[in-house]
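Understanding the architecture of this molecule
Below are the chains, spelled out letter by letter.
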Amino acid sequence: MVKSERRDSSVGEDKEEARDIAVSDQRLQDLGYKSEFRREMSLFKVLGISFCAIGILTGMSSAFQTGLFSGGPVGLFWGWNICSFFMFLIALSLAEICSTYPTMGGLYFWVCKMKPDIPVLGFFTGWLYSMAMVFTGIAGNLTVALYLASMAEIGQGRTLTRVEITAIAWAMNIFSGIINTIGTKAIGHMSMFNVWWTLGGMFVLTITLLVKSPVKNPPDFVFTNFQNFTGWESRGFVVLLGFLQAVYTLEGCETAAQVAEEAVRAEILAPLAVAGSIAGSWLVGLAYMLSLLFAVQSIASVQATTFAIPISQLFYDAVGPRLAQLCLVVVMLSQVMAAITNFTASSRLFYALARDNAFPLKKQFMTLNRFQAPYWGVWTSVLIGCIISCAYIGSAVAFDAMLSSAAISVMLSYLQPIIIRVFWPDSIEEFGPFCLGKWSWPVNFASFLFCVFVCILFVLPTTYPANVLNMNYAIVAVGGLLVIITINWFWWGKHSFKGPVKTFTFK
C-alpha cells in the first residue's frame, strides 16, 4: 500500500514537472526561439548561479581595502548598506524585464525586444556585457592566483613572481573551461554547493575572526571611524570612493538570466533569483564585513602589506598564520566557483549573440556537446583569459585597468534596459508573472540615477595627486573596448545583425 502511494506520488510529480517544462518551452517559443537545452535547473540552482556570480565572500575580501583606505569603517558600513539598497532596486528592475523575456540573452535580448527599431543598441549591449563577463572571469582567476601567492608567502615565506602568478591564472582559466564543458548539471550542482559554502564559510570566518583576534575594536570604531589614504581632502568624496567596493562586490545578480532556457518555469524562477541573490548577499555581506571591522588590528599594517592581496594581512594580524591560511582557503574556493560561473554566463551570451547573427561563426558557437554545453563559447572565454592574463607579467597597472573596465561595463550594460524602461515606459506591452506594478517607473528611475552616478564614480581618480602609476586607467580601457565594438558594428554588425532571429515559427 505504501509503495503504491509512493509510486503514485512520483508519477504525479513527474507529470507536474512535465507540465512546467511544457509551459516554459511554450513561453520561449512565443518569443521566437526553439528550446535547445534540457531544463534541469531548479530555483535553488538558478539562485545559486547568481549568488555564485556575485561571490559575496570573494568580492568583499578582494576589494575590502578599497573601502578601508577610502573612508575607513564608517564608509564601509554606510556605503555597503546604501549601495545594497540601490543594487536591490536595480535587481528589481532587471527581474521585472527578465520575467517578461526569460531567455539566455539576458540584458542583450531585453534591449533588442524593447527597442527593436534601434538594433545597434542591442548589439552594443550584447558585446559589451559578454566582454564584461569574460573579463570578470579573468579577474576572478587571477585573484585565485593571488590568494595562492599570499598563502605561499604566509606558509613558506616564498614570494611568487609575476610569471608564476600568471601561470596559475592560466591553469585556473583552463580549469574553468573544463568544468563548463561538462555542462549544465555540473554547473547546477556547483551553484547549489556554493550557496552552502558561502553561508558556512561566512559562519566560519566570522567566528574565527571574532574569537581569535587579540583585540576587538569597539563599536564607535566600527561605525564612526574615518580613514583616508587617498590624498583627497574632501571627506565626502573619499567616502564615495569607498562605495566602489560595495558596487563591485554586488555585481552579478543578472547572471540567472543566462541559464533561463535551462530552468523550469524560468519566467518565475529567474527573476526571483535575480532579486533574491542581492537580498541574500546584502545580509551575508553585512555580517562578514562587520566581523572584519571588529577584528582588524591595524589599518596601516594592511595598507603597507607585502602580501599579494591585502586581506591576507588582515587575516594574518587577527588570527595568526595557520588560521589565516584557513580563511584564505575558504575565500579562494568561493572565488574559484565565481570565476567558473562568469565563463558560464559568457559562453551562453556568445551562443545567444551567434543565434541572432550578432557574433561570427554562428554554426560553431551554437553547437552543443553531449553535456549540453556551448563549448565554443566556453573555450573562447578561456583563450581570451589566457591572452589577457599575460598583461600581468608586464604591468599590473595595465592589467588592473582592463579588469576594472569589466565593472564599469557591467554597470553600463545594466543601464541600457533601464534607460529604455525610464524613457519608453510602454516598451513592454505584457508583463510576466514578476511585475512591479505602480512602483515600476519609480524603481527604474532610481536605478537609472544610481547607474549613471556609479559609472561616473568608477572613472574618477582614486588617489591625489595622480601620476603614471596610480592613475585610474579604467576610462581608457572602457573607451578602447567601445571603440572596438563600434568598429565591429560598422565593419560587420550593421550588415548581418537586424535583431533577434526567430528559430521557431508557429504553423
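**Here's the deal with the overall build of the chain**
Within the chain one finds 19 helices and zero strands. Over its C-alpha trace the chain gives a radius of gyration of 23 Å, about what one expects of a compact globule, namely 23 Å for 507 residues. Counting only C-alpha atoms and orienting by the principal axes, one finds that the chain spans roughly 70 × 70 × 45 Å. Among the 507 residues that make up the chain, the fraction classed as buried is 57%. Across the chain, the fraction of contacts at a sequence separation of at least 24, relative to all contacts at a separation of at least 6, is 84%. When the 31 positive and 28 negative side-chain charges of the chain are each reduced to one mean point, those points stand 5 Å apart.

**Structural notes on the environment of Ile268**
Turning to its location among the elements, Ile268 is positioned in helix H11 (residues 266–295). Separated by 165 residues in sequence, Ile268 and Pro433 have C-alpha atoms that sit 6.4 Å apart.

**Remarks on the nonpolar core**
Counting residues in hydrophobic clusters, the biggest one holds 154 residues, and the most contacted among them are Phe64, Trp110, Phe315 and Tyr414. Setting aside residues up to four positions removed in sequence, Phe315 forms contacts with Leu209, Tyr288, Leu292, Gly320, Ala324, Cys327 and Leu328.

**Topic: the packing of H11 against helix H13 (residues 311–355)**
At their nearest, the axes of H11 and H13 sit 13 Å apart, and the two run at 150° to each other. The angle between H11 and H13 falls in the class roughly antiparallel. Where H11 abuts H13, its residues Tyr288, Leu292 and Ala295 lie against Ile311, Leu314, Phe315, Ala318 and Val331. When the residues that make up the contact of H11 with H13 are grouped by side-chain class, the tally is eight nonpolar, no polar and no charged.

**A word on the packing of aromatic side chains**
Counted according to the given criterion, the structure contains 23 aromatic pairs. For the pair Phe359 and Phe365, a centre-to-centre distance of 4.8 Å together with 80° between the ring planes defines the contact as edge-to-face. Take Phe359 and Phe365: they sit in the same class, and that class is buried. Ring geometry for Phe365 against Trp376: centres 5.7 Å apart, planes inclined by 65°, an arrangement best described as edge-to-face. Here Phe365 is found in helix H14 (residues 362–365), whereas its partner Trp376 is found in helix H15 (residues 375–389), with eleven residues between them in sequence. According to the relative accessible area criterion, Phe365 is buried, its value standing at 4%. Looking at Lys115, its charged tip hangs above the ring of Trp424, at a distance of 4.3 Å from the centre.

The rules behind the values
- Here the residue numbering is sequential within each chain, running from 1 through the sequence in written order.
- Totals for whole chains, interfaces and linings use every residue, but because this is a predicted model, local features are given only for residues with pLDDT of at least 70 and side-chain atom pairs only at 80 or more, for both listing and counting.
- Computation of side-chain values: all heavy atoms of the structure, hydrogens and water removed.
- The helix and strand labels rest on DSSP assignments: H or I over at least four residues marks a helix, E over at least two residues marks a strand, and numbering proceeds from the N terminus.
- Computation of the radius of gyration draws on C-alpha atoms, with the globule rule given as 2.2 Å multiplied by the number of residues to the power 0.38.
- The rule is simple: take the accessible area with a 1.4 Å probe, protein chains only, and divide by the maximum for that residue type; under 20% is buried, over 50% is exposed, in between is partly exposed.
- We call two residues in contact when some of their heavy atoms are within 4.5 Å.
- The positive count covers Lys and Arg only, the negative count covers Asp and Glu only, and His and the chain ends enter neither.
- Every charge is mapped onto a representative atom, which is NZ of Lys, CZ of Arg, CG of Asp or CD of Glu.
- Nine residue types can take part in a nonpolar core, namely buried Ala, Val, Leu, Ile, Met, Phe, Trp, Tyr and Cys, and a core is a set of them joined through side-chain atoms within 4.5 Å.
- Throughout, an axis means a line fitted to C-alpha atoms (over the contacting stretch in the case of helices), and angles, computed between N-to-C directions, take values from 0 to 180 degrees.
- What sets the label is the angle itself: under 35 degrees gives roughly parallel, over 145 gives roughly antiparallel, 65 to 115 gives roughly perpendicular, and the rest give oblique.
- Amino acids outside the nonpolar list (Ala, Val, Leu, Ile, Met, Phe, Trp, Tyr, Cys, Pro) and the charged list (Asp, Glu, Lys, Arg) are all regarded as polar, and Gly is one of them.
- Between the rings of Phe, Tyr and Trp (Trp by its six-membered ring), a pair exists once the centres lie within 6.5 Å; its type follows the angle of the planes, with under 30 degrees stacked, over 60 edge-to-face, and the other angles tilted.
- Placement of a positive charge over a ring is assigned whenever Lys NZ or Arg CZ falls within 6 Å of the ring centre and within 35 degrees of the normal to the ring plane.

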